[in-house]
Every structure is written in structure tokens, then in C-alpha cells.
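Structural overview for review
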Amino acid sequence: QLEGLRQTMNRADVDAIVSGTPIDLMALMDVNKPILRASYEFAELEEPGLADAVEQFLYRVGLDVPCS
């Protein structure tokens, strides 16, 4: 999968790649353009929120794992 991602990024007609993943892609592969790492914070503003939706989904698919 990493090789496929590397090939896709190398073929992309862009000046730079913005990565929102916590993984450092530059440490895992050689890419022919700069990779800029984006960071973000998330806060629930109302209930039920994202964590509740994820828990409900996990329950429906048989992976009843509490998120909190």
C-alpha cells in the first residue's frame, strides 16, 4: 500500500502535498515533492457527537468497543 501511495504522490501534478495524517510520510517513503504536515484539533460542540456516532457504527458492525 505504501508503494502505491508513493507512486500516486510522485505522479501527482502538484507543487506540494498536504498530509493530515499523524504518520510522518516522509520518514516512510521517498517522494519527489515536498510534503507539508497539517495539524488540527477537534472538539465536540453538541451531543450526540462524533464519538457517539462512531460507537453506534462499531456496535452495528459487531465491534462493540467503547471510544471513551
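See the structure shown above.
Let us look at the structure shown here. (Residues numbered from 1 in each chain as written. Predicted model: local features only at pLDDT ≥ 70, side-chain atom pairs only at ≥ 80, totals over all residues. Heavy atoms only, no water.)

The subject of this paragraph is the nonpolar core. Ranked by size, the top nonpolar core spans 6 residues in total: Met-9, Ile-17, Leu-25, Met-29, Val-31 and Ile-35. Apart from residues no more than four positions distant in its own chain, Met-9 is found in contact with Ile-17, Met-29, Val-31, Asn-32, Lys-33 and Ile-35. (Core = buried A, V, L, I, M, F, W, Y, C linked by side-chain atoms within 4.5 Å. Buried < 20%, exposed > 50% of the residue type's maximum accessible area, 1.4 Å probe, protein only. Contact = heavy atoms within 4.5 Å.)

In the structure shown here, the tally under the stated rule is 1 salt bridge. Residues Glu-3 and Arg-6 are paired through a salt bridge, measuring 2.6 Å at the closest nitrogen-oxygen approach. Here the residue Glu-3 and the residue Arg-6 both occupy positions in helix α1 (residues 2-11), the gap between them amounting to 3 residues, near one helical turn. Here Arg-6 falls in the partly exposed class, since its relative accessible area comes to 24%. (Salt bridge = Lys/Arg side-chain N within 4 Å of Asp/Glu carboxyl O. Helix = DSSP H or I, 4+ residues; strand = E, 2+ residues; numbered from the N terminus.)

Looking at where Glu-44 falls in the secondary structure, it is placed in the loop between β2 (35-37) and α3 (50-60). For Glu-44, a relative accessible area of 34% translates into the label partly exposed. Apart from residues no more than four positions distant in its own chain, Glu-44 is found in contact with Gly-49, Leu-50 and Ala-51. Separated by 2.9 Å, the side chain of Glu-44 and the backbone nitrogen of Leu-50 make a polar contact. In terms of polar contacts, Glu-44 uses its side chain to reach the backbone amide nitrogen of Ala-51, at 3.0 Å. (Polar contact = N/O pair within 3.5 Å; in protein donor to acceptor, adjacent residues only side chain to side chain.)

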